[in-house]
Amino acid sequence: MKALVTGAAGFIGSHLCEALVAAGHEVVGVDCFTPYYDPSAKRANLADLVGRPGFELREADLRTADVDALLEGVDTVFHQAGQPGVRLSWDRDFAVYVEHNVLATQRLLEGMRRVPVRRLVYASSSSVYGNAERYPTLETDLPRPYSPYGVTKLAAEHLCFAYAANWGHSVVALRYFTVYGPRQRPDMGIRRFVDAALDGTPVTVHGDGEQVRDFTYVDDVVAANLAAAAVEEPPAGAVNVAGGGSVSVNELLATIEELTGRRIDRRHDAAQPGDVRRTGGSIEAARRTLGWAPSVGVREGLARQIAWSRATRAVRG
Ligand code: NAD
Ligand code: UGA
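Let me begin by describing the structure that accompanies this report. For clarity, every value in this text was computed on a predicted model and none was experimentally measured.

1. Some words on the overall build of the protein
The number of helices and strands found in the protein is 10 helices and 13 strands. Taking the principal axes of the C-alpha coordinates as reference, the protein spans close to 55 × 45 × 40 Å. Evaluated residue by residue, the protein yields a buried proportion of 55% over its 317 residues. In the protein, 81% of the contacts between residues at least 6 apart in sequence involve partners at least 24 apart. Of the accessible surface of the protein, which amounts to about 13,300 Å², a share of 52% is contributed by carbon and sulfur atoms. If you average the places of the 35 positive and of the 38 negative side-chain charges in the protein, the two averages end up 2 Å apart.

Shown next as structure tokens:
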């Protein structure tokens, strides 16, 4: 298959590209290296891919790119590009979220009217739920985003289904729950906590640290994408891609201390606007419709991310 991976230089996109190339697929990766975090880190994410047979990087911005040309000859689009981060989506930055998350997705969907593709897999988010009605949260529970970021991820998800209903696009929307693992974005919790443990620097815990997340290992997210591309019939609605556990930030810090053998110096600031108290997704729909279930538990996943952080430090010297 020929795959188009948007956001290919990002944390999740780069892992997905590697898995697709390893499986023998032809992959076109698109990225415009937004400054949300250091673009040189995104170049580093692609280090093992650029120059490899089966992989081609196109530096293009989906807000303005010729999407028809990108879609030509493509079977499956894995749409990972976006402006991430829950807590930074307030105020004037909201416009950036709308452009990268909503408008860019709409341009891809319009392109698919002119240049049909077999399937689009959209990287949605647990942030569409906000403080959910119940846990584990079902896909049919009312989405009520608690952050502007979540509003844009839900808007793009609705766009995907509106185009599917009107134009016959075949779409799978995967709602990822806080993804972690090697190359995790530098603004994310686990990345900061591991760095702090290894470097002996303090962490800032937002609020009391009792907020809970259903952390999902990146290889499991990649596997869910591959399953979403492979199924004959797309599921009727969005599907949760969750790790299947409930871990508080305080528990996470304690486990990282245990696994690294280092103490982490904690400073607390206020709970952050947009940050939900808890996430936890039912994985029954993913099991039933995609034949997917998570396979890496948090302790094992953390050990792998810590090993990666140690290895990158050893290379930097
Ligand atoms: P990331 O920032 O590492 O990757 C996103 C990539 O998209 C970046 O490399 C960026 O340069 C690129 N990009 C953004 N706008 C673009 C545009 N207009 N044109 C071309 N490229 C563009 O983020 P990530 O953590 O890998 O997240 C990937 C996707 O998964 C995002 O859509 C995010 O909303 C979603 N998601 C992530 C998580 C998580 O925990 N990491 C959870 C739920 C959903
Ligand atoms: C993550 C991603 O960043 C979003 O892009 C994604 O859409 C979302 O998951 C999702 O599941 O949909 P978040 O859960 O906030 O968002 O992930 P982290 O940034 O790793 O934060 C996890 C927890 O650690 C949060 O409660 C946060 O407040 C806390 N944290 C994070 C701190 O206490 N201190 C920090 O320095 C960073």
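Picking up where we left off.
2. What about the site of ligand 1?
Neighbouring ligand 1 are 30 residues, the closest being Asp-31, Tyr-37, Tyr-149, Lys-153 and Val-179. Contact between ligand 1 and Tyr-37: an oxygen atom at 2.6 Å from a side-chain N or O atom of the residue. Protein contacts shield 98% of the accessible area of ligand 1, which totals 830 Å² for the unbound molecule. Where the shell around ligand 1 is concerned, the elements lending two or more residues are helix H1 (11–22), strand E5 (119–125) and helix H5 (148–167). Tallied by class, the residues present in the shell around ligand 1 amount to 15 nonpolar, 9 polar and 6 charged.

3. Notes on unusual backbone geometry
Cis geometry is found at the peptide bond from Tyr-135 to Pro-136, where omega equals -5°. Looking at the element boundaries, Pro-136 is found in the loop between E5 and H5. For Asp-91, which is not glycine, the phi torsion reads 60° and is therefore positive. Structurally, Asp-91 can be placed in the loop between strand E4 (76–79) and helix H4 (94–114). Its relative accessible area of 70% is what places Asp-91 among the exposed residues.

4. A word on the pattern of salt bridges
Under the counting rule described, the total for this entry stands at 23 salt bridges. Note that Arg-313 and Asp-195 form a salt bridge whose closest N and O atoms lie 3.0 Å from each other. With Arg-313 in helix H10 (residues 298–316) and Asp-195 in helix H6 (residues 189–199), this residue pair connects regions lying 118 residues apart in the sequence. A salt bridge links Asp-265 to Arg-267, with the nearest nitrogen and oxygen atoms 2.7 Å apart. What makes Arg-267 partly exposed here is its relative accessible area of 46%. When salt bridges that share partners are traced, they join Arg-191, Asp-195, Asp-199 and Arg-313 into one network.

Cut-offs applied
Within each chain, residue numbers correspond to sequence positions counted from 1 in written order. Labels are handed out in written order, letters beginning with A for the chains and numbers beginning with 1 for the ligands. Confidence filtering applies because this is a predicted model: local features only for residues at pLDDT of at least 70, side-chain atom pairs given and counted only at 80 or more, and all residues used for totals across whole chains, interfaces and linings. Excluding hydrogens and water, the side-chain figures rest on all heavy atoms present in the structure. Only DSSP runs of H or I covering at least 4 residues are called helices, and only runs of E covering at least 2 are called strands; the numbering of each starts at the N terminus. Think of it in three bands: residues with accessible area under 20% of the maximum for their type are buried, residues over 50% are exposed, and the middle band is partly exposed, with areas taken using a 1.4 Å probe on protein chains only. Residue contacts follow a heavy-atom distance rule, with two residues in contact if any of their heavy atoms lie within 4.5 Å. The method behind every accessible area is Shrake-Rupley, applied with a 1.4 Å probe, and residues are considered shielded solely by the protein chains displayed. His is not counted, nor are the chain ends, whereas Lys and Arg count as positive and Asp and Glu as negative. In this description, the location of a charge corresponds to atom NZ of lysine, CZ of arginine, CG of aspartate or CD of glutamate. Note on terminology: near, applied to a residue and a molecule or strand, indicates that one of the residue's heavy atoms is within 4 Å of it. N or O atoms closer than or at 3.5 Å make up a polar contact, with two conditions inside protein: a donor-capable atom paired with an acceptor-capable one, and, for residues adjacent in sequence, both atoms drawn from side chains. Classes in brief: Ala, Val, Leu, Ile, Met, Phe, Trp, Tyr, Cys and Pro nonpolar; Asp, Glu, Lys and Arg charged; the others, Gly included, polar. One side-chain nitrogen of Lys or Arg within 4 Å of one carboxyl oxygen of Asp or Glu is enough to make a salt bridge.

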